[in-house]
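# Architecture and fold: a report
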Amino acid sequence: MRMVDLIEKKRDGHELSTEEIRFIVSGYTNGEIADYQMSSFLMAVFFQDMSERERADLTMAMAESGDQIDLSAIEGIKVDKHSTGGVGDTTTLVLGPLVAACGVPVAKMSGRGLGHTGGTIDKLEAIDGFHVELSTKDFIRQVNEHKLAVIGQSGNLTPADKKMYSLRDVTATVNSIPLIASSIMSKKIAAGADAIVLDVKTGEGAFMKTEEDAKKLAHAMVGIGNATGRKTMAIISDMSQPLGFAIGNALEVKEAIETLQGKGPEDLTELCLVLGSQMVVVGGKADTLEEARAMLEGVIKDGSALEAFRQLIEDQGGNPAVVDDLSLLPQAKFVTELPAKQDGYISFMEADEIGTAAMVLGAGRATKDSVIDLSVGLMLNKKVGDFVKKGEALATIYSNTQDLAECQEMLYNSIEYSNEPVEAIQLVSALITD
């Protein structure tokens, strides 16, 4: 086979065979195919798309390009969850314990954040003593015993994806449905999942700005998952405003604990119940989403979801007392309210700008080398549809500096008002099963 022939074949809109796709992925990973040829191939895919079979073959070739995690020693159906990202997205901290309490094993590998706030791993490290590195033996034992472990990503997972993504970033081929879908799904498959639930975000704070594009991506990923033998479901959820009220690491841990206590924000609670219902169904513990939701509501009410989080903390070296005493989380020196400058109904909140305001405080990483301040962040007091009076607190700023001018200006610029009542945003707009 010659790479130039395969580029020409895809350029002209023809399907590539499984063997041809494997040749491309392995050749590029091994350095036998040059960047300039791979760039041409990626652009051909960008314009010509891929069939469902090609997408599945590309995903599997990428998943098999490096290490693959073998979770077969864990009893039951291992369910993974992926979110396409957003601001204040605390779902993993709630979903893991919630689903584990229903008997579904959650063997979760998560990453650190780059941008608005820390990733799941950074947030968990806001709990004193919590460590995110476990041996494979301890990881498997913990999930078998208590149904839940959350560790940092390690090993040489999907090196093909890392190389291809770096190239896509500088060749204007990032925004391609088959390339996005195969990138995400190859990592989930390499991480050993039996079943996958996807939260595809749409809106100003999401990668997919329109619901139409979000649905296309969701269908692509569900198609890949099912074609590769992983039962997969997805939802489309709103990220035009931050999820929940907390933006910042310790603040999000606090909000997660309150949600597991049944006292969390309505939108975060609802999203976790919707996603959790899918996880319980694909995990084989319920036949219907309605039955699964009732189970999830039950484990919140009887306290077993909160107990699962306490057990996770204890298993991984953290101080479980934080569940009962939130003051044990890192505390910022200064707490400052942001007063509204006018009366009105909040009609728009620019999620990205609000997230960046939290990053300015130190809650996220501007670069890979940035050090996160786990104690700082924002608590929103109002969301879209709420009425606010002049002087009333729009948000509360938690900081370790009193120089808040940049953060305050960004927050004010991110919020718009209406004199007329505004409908609250619909959180979940679609369920995708094929």
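Refer to the structure above for everything that follows.
As the structure is a computational prediction, the values presented were derived from the model and not from experiment. (Residues numbered from 1 in each chain as written. Predicted model: local features only at pLDDT ≥ 70, side-chain atom pairs only at ≥ 80, totals over all residues. Heavy atoms only, no water.)

## Thoughts on the packing of helix H5 (residues 91-100) against helix H11 (residues 249-260)
Filter applied, for reference: The axes used here are C-alpha line fits, helices contributing only the stretch in contact, and every angle between their N-to-C directions lies in the interval 0 to 180 degrees. Strands are runs of DSSP state E lasting at least two residues, helices are runs of H or I lasting at least four, and both sets are numbered from the N terminus onward. Two helices crossing with the near one rotated counterclockwise from the far one by less than a right angle form a left-handed crossing, whereas a clockwise rotation gives a right-handed crossing. Contacts are assigned to residue pairs with any non-hydrogen atoms lying within 4.5 Å of each other.
Their axes nearest at 9 Å, the elements H5 and H11 cross at an angle of 35°. The two elements H5 and H11 cross, and the hand of that crossing is right-handed. Residue-level inspection shows Leu-93, Val-94, Pro-97 and Leu-98 of H5 in contact with H11, the latter providing Glu-252, Val-253, Ala-256, Thr-259 and Leu-260.

## Brief notes about the sheet that holds strand E4 (residues 195-202)
Within a sheet, neighbouring strands are paired by backbone hydrogen bonds and run either parallel or antiparallel to one another. What counts here: Here, strands pair whenever DSSP counts at least two bridges between them.
With respect to topology, four strands assemble into an open sheet ordered E1-E4-E5-E13, the strand pairing being mixed. What marks the edges here is a single partner per strand, and that holds for strand E1 (79-83) and strand E13 (428-432). Neighbour-to-neighbour, the strand axes of this sheet turn through a mean angle of 15°, independent of strand direction. Bridging between E4 and strand E5 (residues 231-238) involves eight bridges; their strand directions are parallel. Note that in E5 the partner of Val-197 across the bridge is Met-233.

## Focus: the nonpolar core
Going by this rule: Nonpolar core, defined: a set of buried Ala, Val, Leu, Ile, Met, Phe, Trp, Tyr and Cys residues in which side-chain atoms within 4.5 Å join the residues together. A 1.4 Å probe rolled over the protein chains alone gives each residue an accessible area, and that area as a share of the maximum for its type sets the label: buried under 20%, exposed over 50%, partly exposed in between.
One finds Leu-98, Ile-127, Val-280 and Phe-309 to be the most contacted residues of the largest nonpolar core, which totals 55 residues. Look past the residues within four positions of Phe-309 in its chain and what remains in contact with it is Leu-93, Pro-97, Leu-124, Ile-127, Ile-257, Leu-260 and Val-323. Core analysis: the next-biggest nonpolar cluster, separate from the first, contains 25 residues, Ala-340, Ala-363, Val-376 and Ile-397 among them.

## Structural notes on the packing of aromatic side chains
Inclusion rule: A pair of aromatic rings is counted whenever rings of Phe, Tyr or Trp (Trp by its six-membered ring) have centres within 6.5 Å, and the orientation is called stacked for planes under 30 degrees apart, edge-to-face for over 60 and tilted otherwise.
According to the stated counting rule, one finds two aromatic pairs in the structure shown. On the numbers, 5.3 Å between centres and 80° between planes, the contact of Phe-46 with Phe-47 is edge-to-face. Exposure remark for Phe-46: the relative accessible area of 31% places this residue in the partly exposed category. Relative to Phe-387, the ring of Tyr-345 lies with its centre 5.0 Å away and its plane at 65°, an arrangement referred to as edge-to-face. Taken together, the positions of Tyr-345 in strand E8 (residues 344-349) and Phe-387 in strand E10 (residues 387-388) put the pair 42 residues apart, joining distant regions of the chain.

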